[in-house]
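Chain residues, written in single-letter form:
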Amino acid sequence: MDIETLRLFREVAAGATVTETAARGHLTQPALSRALRRLERDAGAELFRRSGRVLRLTPAGHAFRRHADLVLDQLDQGLREVGEIVAPGTGVVPLAFLHTFGTWLVPEVLRGFLQEHPGARFELRQHGEAGLEAELLDGTADLVITSGDPGHPQLHWSRLLVEPLRLAVPPRHRLAGRRRVRLADVAGEPFILLRPGYALRETTERLCAEAGFVPRTGFEGDEVETLRGLVTAGLGVSVLPLPHTAAFPAPHLELTDVDAARDIGLAWATGRKLPPLSETFRRHVLTAAPTLVPAPLDRPQGTM
């Protein structure tokens, strides 16, 4: 079995149709079908079962896919390392990060690195915390930028900075003219929250517990900017990082009765040696950490 056929197998196994896979591989559909049949003969088992117009993996196909993925990932990593040895400072760094860092932190660290290594390229993905952990464990990302230590035995996490959190309230909210408030002051109001599984959701619930209440869920979302928009529309309050824009309609108030902040850090797999360029980027981020700015200055907002 050859490497190209394994790549075609992986693409079909991931859900692509034969038509799509053949087109991307510059093959005819009969040629692709023959290649997959040869792979099945080499494997000694039926790997696919047709379901309508789609090929579904058999139990043997699922088992084979796990090992094919490992082989191809190791090969791709080896090819990257060779390319970086031949042409230092070039190559691809697979990086994943939390959605909220795409507007400020990630562009900042990439810009500084690319000034020193203009031949580098980045393969970027955005996720919630669970997706970031999976990227590292699956080997599809070399590094991730996330909030809080994942606490996984196969992952190492290093703190970069601490980002303050604020209470976002609607523009016409009774507390909107204040700069500082207690979280307990909004104990009975609906909270706009991220869905369960996000670290910011867990942080909000913990802070509310410290303030003596359980937050009443008004709406749930998957992105911080969606939550901010719902707050601006008057649908509730939310504990959020400061927005990284010059103007924002929803007042973001400092909390005085709880320590409202979240850790931001860099994580990587402990049992896997990073390719040279990814290792260089890792060191760059850790070195730059003291200079990273967690948020813009608060704009003046009313009274104490």
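Here is what the cut-offs are and how they apply
Residues numbered from 1 in each chain as written. Predicted model: local features only at pLDDT ≥ 70, side-chain atom pairs only at ≥ 80, totals over all residues. Heavy atoms only, no water. pLDDT = per-residue confidence, 0-100. Contact = heavy atoms within 4.5 Å. Patch = residues over 30% accessible without salt bridge, like charges linked within 9 Å, V, L, I, M, F, W, Y side chains within 5 Å. Areas by Shrake-Rupley, 256 points an atom, 1.4 Å probe, with all protein chains shown as cover. Salt bridge = Lys/Arg side-chain N within 4 Å of Asp/Glu carboxyl O. Lys, Arg positive; Asp, Glu negative; His and termini not counted. Charge placed at Lys NZ, Arg CZ, Asp CG, Glu CD. Buried < 20%, exposed > 50% of the residue type's maximum accessible area, 1.4 Å probe, protein only. Helix = DSSP H or I, 4+ residues; strand = E, 2+ residues; numbered from the N terminus. Expected span 1.5 Å × (residues − 1). Core = buried A, V, L, I, M, F, W, Y, C linked by side-chain atoms within 4.5 Å. Phe/Tyr/Trp six-rings, centres within 6.5 Å; stacked < 30°, edge-to-face > 60°. Axes fitted to C-alpha atoms, helices over the stretch in contact; angles between N-to-C directions. Parallel < 35°, antiparallel > 145°, perpendicular 65-115°, else oblique. Nonpolar A, V, L, I, M, F, W, Y, C, P; charged D, E, K, R; others polar.

Colleague: Would you mind going over the confidence of the model for the chain with me for this structure?
Modeller: Close inspection of predicted coordinates is inappropriate in any region flagged by low pLDDT. Averaged over all residues, the pLDDT of the chain is 87; the fraction at 70 or higher stands at 92%. A low-confidence stretch, residues 297–304 (pLDDT under 50), is modelled with 24 contacts involving residues beyond four sequence positions or located in other chains.

Colleague: What am I meant to see in a positive patch on the surface here?
Modeller: On the surface, Arg34, Arg37, Arg38 and Arg41 cluster together into a positively charged patch. Of the residues examined, Arg38 reaches a relative accessible area of 41% and is grouped as partly exposed.

Colleague: Sorry, what's going on with the pattern of salt bridges here?
Modeller: All told, the structure shown has 20 salt bridges when counted by the stated rule. Across the salt bridge formed by Glu189 and Arg174, the nearest N and O atoms sit 2.7 Å from each other. Highlighted residues: Glu189 in the loop between β7 (180–181) and β8 (190–194) and Arg174 in the loop between β6 (155–168) and β7, separated in sequence by 15 residues. You can call Glu189 buried: its relative accessible area is 16%. Given a relative accessible area of 57%, Arg174 falls into the exposed group. The partner of Asp222 in a salt bridge is Arg195, with the nearest N and O atoms 3.1 Å apart. Taken together, the residues span a long stretch of sequence, with Asp222 in the loop between β9 (216–221) and α8 (224–232) and Arg195 in the loop between β8 and α7 (199–210) at a distance of 27 residues. Through salt bridges that share partners, Arg195, Arg201, Glu205, Glu220 and Asp222 make up one connected network.

Colleague: Explain helix α9 (residues 276–288) to me, please; I cannot follow it from the model alone.
Modeller: Residue pairs three or four apart in sequence face the same way in an α-helix, which turns once every 3.6 residues. Relative to the 18 Å expected for 13 residues at 1.5 Å per residue, α9 spans 18 Å between its end C-alpha atoms, a close match to the ideal helical length. Among the residues making up α9, those that are buried are Leu277, Ser278, Glu279, Phe281, Arg282, His284, Val285 and Ala288.

Colleague: Can you walk me through the nonpolar core in this structure?
Modeller: The nonpolar side chains of a soluble globular protein tend to be buried with one another. Grouped together as the largest cluster of nonpolar side chains are 35 residues, with contacts concentrated most on Leu95, Phe101, Leu105, Val109, Ile145 and Phe281. When contributions to this core are tallied by element, the ones reaching two or more residues are β3 (91–98), α5 (105–116), β4 (120–127), α6 (129–138), β5 (143–147), β6, β12 (261–269) and α9. Beyond its immediate chain neighbours, meaning those up to four positions away, Phe101 contacts Val106, Pro107, Ile145, Thr146, Ser147, Glu163, Arg262 and Ile264. Grouped together as the second largest cluster of nonpolar side chains are 30 residues, Leu165, Leu183, Leu193 and Cys208 included.

Colleague: What is the right way to look at the side chain of Thr100 in this model?
Modeller: Tracing the sequence through the fold places Thr100 in the loop between β3 and α5. Apart from the residues within four sequence positions on either side, Thr100 is in contact with Val224 and Arg262.

Colleague: Where do I start with the packing of aromatic side chains in this structure?
Modeller: For any two aromatic rings, the description comes down to two numbers: the centre-to-centre distance and the angle of the planes. For the coordinates displayed, the defined rule picks out 7 aromatic pairs. Centre to centre, the rings of Phe9 and Phe64 are 5.1 Å apart; their planes meet at 75 degrees, and the pair counts as edge-to-face. You can see Phe9 sitting in helix α1 (residues 3–13) and its partner Phe64 sitting in helix α4 (residues 59–86), a full 55 residues away along the chain. The exposure class of Phe9 is buried, given its relative accessible area of 0%. Taken together, the ring pairs in this structure connect Phe9, Phe48 and Phe64 into an aromatic cluster.

Colleague: What am I meant to see in the packing of α1 against helix α3 (residues 29–43) here?
Modeller: When two helices pack together, their arrangement is given by the angle between the helix axes and by the axis-to-axis distance. Where α1 meets α3, the closest approach of the two axes is 10 Å, and the angle between their N-to-C directions is 100 degrees. Classified by the interaxial angle, the pair formed by α1 and α3 is roughly perpendicular. Contacts between α1 and α3 involve Thr5, Leu6, Leu8, Phe9 and Val12 from the first element and Leu32, Ala35, Leu36 and Leu39 from the second. A per-class count over the contact of α1 with α3 returns 8 nonpolar, 1 polar and no charged.

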